[in-house]
Amino acid sequence: MPSDSGRPAARRRVGGRLVRAFANTALPFAVLLAVLAVWEGCARAGLLPITVPAPTAILGTVGRAWEDLLYHMAPTAFSAVTGYLIALVLALTLGACATTWRRSEASIFRLGLVIDSIPLIALTPILMVWLGNGVEPRIVLAVIACLFPLLVGAIQGFKTLEGNAAELFHVLSASPWQRLRLLRLPSALPYLFAAAKFAAP
């Protein structure tokens, strides 16, 4: 049975956690409301260019054109998700190759740097000419935008091994595929999740 003297301390700890949780939620929400209020005030006062509408005008347009927005949102979401998944598979494959065959790591990393340095705004018209105006160029752009962060996370994750586990796999004469599947991939999951979170936007 816990003593009565410990109950106030426990209540204070719970209260402190609730206050911190509320502050972490309320402060960003209050900042967002303040930004929207200033934005609305500047738009009503005519201080913003005509290309920047007020938040209330945006909400009104969304309400009136909701069906059109949904119609155009579906192919955009499909292109983004498909490109993201393709980039994830490519990053895992290239990262596995780079860490399994160490001589290829520098070449693969340079390839990722070259792809990441391509300006998408300059590449878009070229892709439109090559692939047409369908979803294909949008998927390619999503792959290019997501590939490098995922590749960096995959290479770093696959190279991060716990020493004792690596020695055990060496003593057991594990094959490269076994080391990749049973040792490197589980060890790389924190890095992969961090890279996936970073590349998703």
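Coordinates for the structure precede this section.
Residues numbered from 1 in each chain as written. Predicted model: local features only at pLDDT ≥ 70, side-chain atom pairs only at ≥ 80, totals over all residues. Heavy atoms only, no water.

A. Region of interest: the overall build of the protein chain. From N to C terminus, the protein chain includes eight helices and zero strands. Along the protein chain, from the amino end to the carboxyl end, the secondary structure elements read α-α-α-α-α-α-α-α. The proportion of buried residues among the 201 residues of the protein chain is 23%. Across the protein chain, every contact between residues at least 6 apart in sequence was considered, and the portion connecting residues at least 24 apart equals 67%. With an accessible surface of roughly 14100 Å², the protein chain has 71% of that area assigned to carbon and sulfur atoms. (Helix = DSSP H or I, 4+ residues; strand = E, 2+ residues; numbered from the N terminus. Buried < 20%, exposed > 50% of the residue type's maximum accessible area, 1.4 Å probe, protein only. Contact = heavy atoms within 4.5 Å. Areas by Shrake-Rupley, 256 points an atom, 1.4 Å probe, with all protein chains shown as cover.)

B. Molecular detail of the nonpolar core. Within the largest apolar cluster, 15 residues are counted, with the highest numbers of intra-cluster contacts made by Tyr 84, Ala 87, Ala 91, Cys 146, Leu 150, Leu 151 and Ala 199. Put simply, the parts of the chain that give this core at least two residues each are helix 3 (66-100), helix 6 (136-159) and helix 8 (176-199). Residue contributions to this core peak at seven residues, all from helix 6. Setting aside residues no more than four positions away along its own chain, Cys 146 makes contact with Tyr 84, Ala 87 and Ala 199. Within the second largest apolar cluster, six residues are counted, among which are Ala 96, Phe 158, Leu 180 and Ala 188. (Core = buried A, V, L, I, M, F, W, Y, C linked by side-chain atoms within 4.5 Å.)

C. Layout of the side chain of Glu 40. Relative to the helices and strands, Glu 40 resides in helix 1 (residues 6-44). Aside from chain neighbours lying at most four places away, what touches Glu 40 is Ala 54, Pro 55 and Thr 56.

D. Highlighting the pattern of salt bridges. The tally for this structure, following the rule as stated, stands at one salt bridge. Notably, a salt bridge pairs Glu 40 with Arg 44, separated by 2.8 Å at the nearest N-O pair. Here Glu 40 pairs with Arg 44, and both are found in helix 1, just four residues apart, close to one helical turn. Glu 40 gets classed as buried once you look at its relative accessible area, which sits at 13%. The class for Arg 44 is exposed, based on a relative accessible area of 65%. (Salt bridge = Lys/Arg side-chain N within 4 Å of Asp/Glu carboxyl O.)

E. The arrangement of a nonpolar patch on the surface in detail. A cluster of nonpolar side chains, contributed by Phe 29, Leu 32, Leu 33, Leu 36, Trp 39, Val 52 and Ile 58, occupies part of the molecular surface with about 570 Å² of accessible area. The greatest single-element share of the nonpolar patch, amounting to five residues, is contributed by helix 1. Among the secondary structure elements, Ile 58 is positioned in helix 2 (residues 55-64). (Patch = residues over 30% accessible without salt bridge, like charges linked within 9 Å, V, L, I, M, F, W, Y side chains within 5 Å.)

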